[in-house]
Protein chains: 2
Amino acid sequence: MTSYFLNNPHKLVSLTYFAKRYESAKSSISEDLAIIKRTFNVRGIGILETIPGAAGGARFIPSIGEEEAERFIWEMAAELSQENRLLPGGYVYLSDLLGKPEVLRHVGRLIARQYMGRQVDAIMTVATKGVPIAQSVAYYTNAPFVIVRRDSKITEGSTVSVNYVSGSSQRIEKMELSKRSLRRGSHVLVVDDFMKGGGTINGMKSMIEEFDSELVGVTVFAEGVVDEGSRLIEDYTSLLKVDNVNTLNKTIHVSAGNYLAKVFGKRTE
Amino acid sequence: MTSYFLNNPHKLVSLTYFAKRYESAKSSISEDLAIIKRTFNVRGIGILETIPGAAGGARFIPSIGEEEAERFIWEMAAELSQENRLLPGGYVYLSDLLGKPEVLRHVGRLIARQYMGRQVDAIMTVATKGVPIAQSVAYYTNAPFVIVRRDSKITEGSTVSVNYVSGSSQRIEKMELSKRSLRRGSHVLVVDDFMKGGGTINGMKSMIEEFDSELVGVTVFAEGVVDEGSRLIEDYTSLLKVDNVNTLNKTIHVSAGNYLAKVFGKRTE
């Protein structure tokens, strides 16, 4: 049953289903569920909701414990503060980390935890580097992800496009999303790997409006340093924050973003 | 323990670790491992390898049962045969499916099953649509994935580039991979969403040579229809196969690829 829940997050499963599958009495299934519930809770794996009644059953909602969240974020901060990660223009090399399954599993659980009680119908991101983040969040929320592209491809079919102002370069750019990939009236969570000015995020917000849908929230893996007043969006969450880049000495310093404060009420300063 | 194994595939865990974590005697841990092993096996979840001795422990290797594999592939074939999936040029609209976590979980387990006994140090794919496939395989093999790009970005640092001939258009194209994303001497598994002529796959093969690395195998989600003799690669596996496209009537027919035959010795004709 543990394995079934972990592979089917957010899916309501009836006791009858388990009783048939394991050829057991409902009463022993109930006892086992209580044990799983306690273990998931103690280990910070997630919440096992049990819903009584004929239409009831159990549903697994993945999460992460405070201690594990904090440890992971500070480990990442130390990793990103290595000077060989600094790239020209104040960017940070992240591709290796965002290709590691154990990093992505943590990122997915962290973001799923943040939006645990909210309705999320789709995860939106922009190609290419946001995709791993979106997929890992999709994995733990069991919502599909959609990829906005800067260049449309034949394999997307008809698309809707919006223009947006890039925060860092102040240029007008265009992004497109396949028409059939998002249903009107969806609740959409926006995620990305790195945010500087926030122009790309703003573009995705306009895209969500184009699809008559609603923004649930914005969470990025890392936010970069920007000049005072040049950030285009205010309401966002970041797991990590680049707080100092010195391109002369080639040093970089990364610390925890506002995630820990927002989700666990932690002071990170 | 079940949850620990599922979240840490391919990782050798000592009995001592579990004994400490759960404050239990090693003998009861051993008994529980035997139960988990049997259940994983019966349900086709995977193999629990137990290694005796002081340096021993247990390792979970994800897999998928034959029945589940077959059911999933034929379900996908029926889904892809819907005529509204046909795009101009004989391409098939896949983006929605490759954004669904339950589809990706199956694809990941199928491909992980195929390369179960082989050493895989990295999964390679090309941006953007191959990324979800690569990530899901990475998830179940616990190997990192690397993304080859057609356009290099500032955020990749220095790159290695190769030229290749696109199979369908016969044009010379270029692809790039960040220098630090792949270690020399790696065993690399190549995956992609869709293969027509195989030019892109060939490009990735050259890239693997550039990194003094070794190709483990090539597996794609779906292969398209190509003219006789214009396929550039021979040794590959496909989960699905587009076997008939009629652009006039706008009909498409998709069946199982050679995966079932190769992995389970099934006849699919």
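Since we're looking at a predicted model, the values are computed, not measured.

Student: How do you make sense of the pattern of salt bridges when you look at a structure like this?
Tutor: Pairs can form between side chains of opposite charge whenever their charged atoms are close. In this structure the tally under the stated criterion is 18 salt bridges over all chains. For Glu-223 of chain A, the salt bridge goes to Arg-231 of chain A, with nearest N and O atoms at 2.7 Å.

Student: Can you help me understand the domain arrangement of chain A in this one?
Tutor: Size of an interface: often given as the accessible area lost when the parts come together. Residues and elements named next belong to chain A. Split into domains, chain A comes out as domain 1 (2–62) and domain 2 (66–264). Put simply, the middle of domain 1 and the middle of domain 2, counted by C-alpha atoms, are 32 Å apart. In this assembly, eight residues from domain 1 lie in contact with seven residues from domain 2. Taking both sides of the interface into account, the surface hidden between domain 1 and domain 2 amounts to around 640 Å²; carbon and sulfur atoms contribute 53%.

Student: Can you help me understand the relation of the copies chain B and chain A in this one?
Tutor: Relating one copy of the chain to the other takes a rotation about an axis and a shift parallel to that axis. Expressed as a screw transformation, the operator carrying chain B onto chain A has a rotation angle of 180° and an axial translation of 0.0 Å, and the superposed copies differ by an RMSD of 0.0 Å. Both chain copies can therefore be described as sitting about a two-fold axis. Closest to the rotation axis within chain B is the C-alpha of Thr-128 of chain B, separated from it by 2.8 Å. Mapped onto chain A, 100% of the interface residues of chain B are again interface residues, and the two copies thus contact each other with one and the same surface.

Student: Sorry if this is basic, but what is going on with the environment of Glu-66 of chain A here?
Tutor: All names here are of chain A. Relative to the helices and strands, Glu-66 is located in helix α4 (residues 66–80). What makes Glu-66 partly exposed here is its relative accessible area of 35%. Expressed as a C-alpha distance, the spacing of Glu-66 and Arg-105, which sit 39 residues apart in the sequence, is 15 Å. Those residues in contact with Glu-66 that lie beyond four places of it in its chain are Phe-264 and Lys-266.

Student: Is there a simple way to think about the sheet that holds strand β10 (residues 214–223) of chain B in this case?
Tutor: In sheet architecture, strand pairing relies on hydrogen bonds along the backbone and comes in two forms, parallel and antiparallel. All names here are of chain B. With mixed pairing, six strands are arranged side by side in an open sheet as β6-β5-β9-β10-β11-β12. Looking along the sheet, the strands with just one partner apiece sit at the ends: β6 (145–148) and β12 (251–256). Strand after strand, the sheet turns through a mean of 25° between neighbouring axes, direction not considered. Looking at chain direction, strand β11 (residues 237–246) and β12 are connected through six bridges and run antiparallel. Its bridge partner being in β12, Val-245 is matched across the sheet by Ile-252.

Student: Explanation requested: helix α5 (residues 101–114) of chain A in the structure shown.
Tutor: Since the α-helix packs 3.6 residues into each turn, any two residues three or four apart lie on the same face. Residues and elements named next belong to chain A. End to end, α5 covers 20 Å across 14 residues, agreeing with the expected 20 Å (1.5 Å per residue, within 8%). Most of α5 sits inside the fold, with 11 of its 14 residues counted as buried. Buried within α5 we find Pro-101, Val-103, Leu-104, Arg-105, His-106, Val-107, Gly-108, Arg-109, Leu-110, Ile-111 and Ala-112.

Student: Please explain the packing of α4 of chain A against α5 of chain A as it appears in this structure.
Tutor: A pair of packed helices is captured by two measures, namely the crossing angle of their axes and the spacing between those axes. Residues and elements named next belong to chain A. Between α4 and α5, the least distance of the axes is 11 Å, while the angle of their chain directions is 130°. The angle between α4 and α5 places the two elements in the oblique class. When you trace α4 past α5, the crossing you get is left-handed. Facing α4, whose interface residues are Glu-68, Ala-69, Phe-72, Ile-73 and Met-76, α5 presents Val-103, His-106, Val-107, Arg-109 and Leu-110. In terms of residue class, the contact of α4 with α5 is made up of seven nonpolar, one polar and two charged.

Student: Looking at this structure, how should I read the interface of chain B and chain A?
Tutor: Opposite the 48 residues of chain B that make contact, chain A presents 48 residues. Buried surface at the junction of chain B and chain A, both sides included, amounts to about 4,100 Å², of which 55% is carbon and sulfur. The interface formed by chain B and chain A contains 19 residue pairs in polar contact (both at pLDDT 80 or more). Here the element with the most residues in the side of chain B that touches chain A is helix α6 (residues 131–141) of chain B; it accounts for seven residues. Of the residues in the side of chain B that touches chain A, the class split is 22 nonpolar, 14 polar and 12 charged.

Student: It is not clear to me how the nonpolar core should be interpreted in this structure. Could you clarify?
Tutor: Considering soluble globular proteins, one finds that nonpolar side chains tend to be buried as a cluster. Core analysis: the largest hydrophobic core is formed by 88 residues, its most contacted members being Ile-123, Phe-221 and Leu-240 of chain A together with Ile-123, Phe-221 and Leu-240 of chain B. Beyond its immediate sequence surroundings of up to four residues, Phe-221 of chain A is in contact with Met-76, Leu-80, Leu-94, Leu-98, Val-107, Ile-133, Asp-192, Asp-193, Ser-238, Leu-239 and Leu-240 of chain A. Of all hydrophobic cores here, the second largest spans 30 residues; its members include Ile-29 and Ala-58 of chain A together with Met-1 and Ala-58 of chain B.

Student: Looking at this structure, how should I read the packing of aromatic side chains?
Tutor: Between two aromatic rings, the relevant description is the distance of the centres plus the angle of the planes. Residues and elements named next belong to chain A. Throughout the structure, instances matching the rule amount to 19 aromatic pairs over all chains. Note on Tyr-4 and Phe-18: the rings are 5.5 Å apart at their centroids and 85° apart in plane angle, and the pair reads as edge-to-face. Note that Tyr-4 is positioned in helix α1 (residues 2–7) and Phe-18 in helix α2 (residues 15–21), a separation of 14 residues in sequence. The two residues Tyr-4 and Phe-18 agree in class, both being buried. Measuring from ring centre to ring centre gives 6.3 Å for Tyr-259 and Phe-264, while their planes differ by 70°; the resulting arrangement is edge-to-face. Accessibility assignment for this pair places Tyr-259 and Phe-264 in one class, buried. An aromatic cluster is defined as three or more aromatic residues linked by ring pairs; in this entry it consists of Tyr-4, Phe-5, Tyr-17, Phe-18 and Tyr-22. The cationic tip of Lys-196 hangs over the ring face of Tyr-91; the distance from NZ or CZ to the ring centre is 4.7 Å.

Student: Could you clarify how one ought to interpret the sheet that holds strand β9 (residues 187–195) of chain A in this entry?
Tutor: All names here are of chain A. Across the sheet, six strands lie side by side as β6-β5-β9-β10-β11-β12; this open sheet has mixed pairing. Each of the sheet's edge strands pairs with one partner strand only, and the pair in question is β6 (145–148) and β12 (251–256). With direction set aside, neighbouring strand axes in the sheet form an average angle of 25°. Contacts between α4 and the sheet are confined to β10 (214–223), β11 (237–246) and β12, with β12 contributing the most and set at about 175° to the helix. Packing against the sheet, helix α7 (residues 199–210) makes contact with β5 (122–126), β6, β9 and β10, and its axis sits at approximately 165° to β9.

Student: Is there a simple way to explain unusual backbone geometry in this structure?
Tutor: Excluding glycine, a negative phi dihedral is what most residues carry, and trans is how most peptide bonds are arranged. The omega torsion of the bond from Ala-127 of chain A to Thr-128 of chain A falls at -5°, within 30 degrees of zero and hence cis. By secondary structure assignment, the location of Thr-128 of chain A is in the loop between β5 and α6 (131–141). You will see that Glu-23 of chain B, though not glycine, has its phi angle at about 50°, which is positive. Counting through the fold element by element, Glu-23 of chain B comes out in the loop between α2 (15–21) and α3 (26–42). With relative accessibility at 76%, the residue Glu-23 of chain B sits in the exposed group.

The rules behind these values
- Along each chain, residues carry numbers from 1 onward, in the same order as the chain's sequence is written.
- Throughout, the order in which chains and ligands are written sets their labels, letters from A for the former and numbers from 1 for the latter.
- The model is predicted, so local features are restricted to residues of pLDDT at least 70 and side-chain atom pairs to those at 80 or more, both for listing and for counting; the totals for chains, interfaces and linings are taken over all residues.
- The basis for every side-chain value is the complete set of non-hydrogen atoms in the structure, without hydrogens or water.
- Salt bridge, as used here, is a side-chain nitrogen of Lys or Arg placed within 4 Å of a carboxyl oxygen of Asp or Glu.
- Segmentation into domains, and thus their bounds, comes from an automatic or database assignment.
- Whether two residues are in contact is decided by their heavy atoms: any pair within 4.5 Å suffices.
- Accessible area that two parts lose when put together, with a 1.4 Å probe and added across both, is what the buried area reports.
- Only residues with pLDDT of at least 70 in both copies count here: their C-alpha atoms drive the least-squares fit that superposes the copies.
- Working definition: helices are DSSP H or I runs of at least four residues, strands are E runs of at least two. Numbering for both runs from the N terminus.
- Exposure classes here rest on a 1.4 Å probe applied to the protein chains alone. A residue is buried below 20% of its type maximum, exposed above 50%, and partly exposed in between.
- At least two DSSP bridges between two strands are needed for those strands to be called paired.
- To obtain an axis, a line is fitted to C-alpha atoms, over the contacting stretch when the element is a helix, and the angle between two such axes runs from 0 to 180 degrees between their N-to-C directions.
- Every helix has an expected span of 1.5 Å times one less than the residues it contains.
- Here is the rule for angles: anything less than 35 degrees is roughly parallel, anything more than 145 is roughly antiparallel, 65 through 115 is roughly perpendicular, and the remaining ranges are oblique.
- Should the near helix be turned counterclockwise from the far one by less than a right angle, the crossing is left-handed, whereas a clockwise turn marks it as right-handed.
- Each residue receives one of three labels: charged for Asp, Glu, Lys and Arg, nonpolar for Ala, Val, Leu, Ile, Met, Phe, Trp, Tyr, Cys and Pro, and polar for the others, Gly being one of them.
- We call two N or O atoms a polar contact when they sit within 3.5 Å, provided that within protein one can donate a hydrogen and the other can accept it, with sequence-adjacent residues counted only if both atoms are side-chain atoms.
- We define the nonpolar core as a collection of buried residues of types Ala, Val, Leu, Ile, Met, Phe, Trp, Tyr and Cys that are connected through side-chain atoms lying within 4.5 Å of one another.
- In this scheme Phe, Tyr and Trp rings, the latter by its six-membered ring, pair at centre separations within 6.5 Å, and the angle between planes marks the pair as stacked below 30 degrees, edge-to-face above 60, and tilted otherwise.
- Both a distance and an angle decide whether a charge sits over a ring: NZ of Lys or CZ of Arg must be within 6 Å of the ring centre and within 35 degrees of the ring normal.

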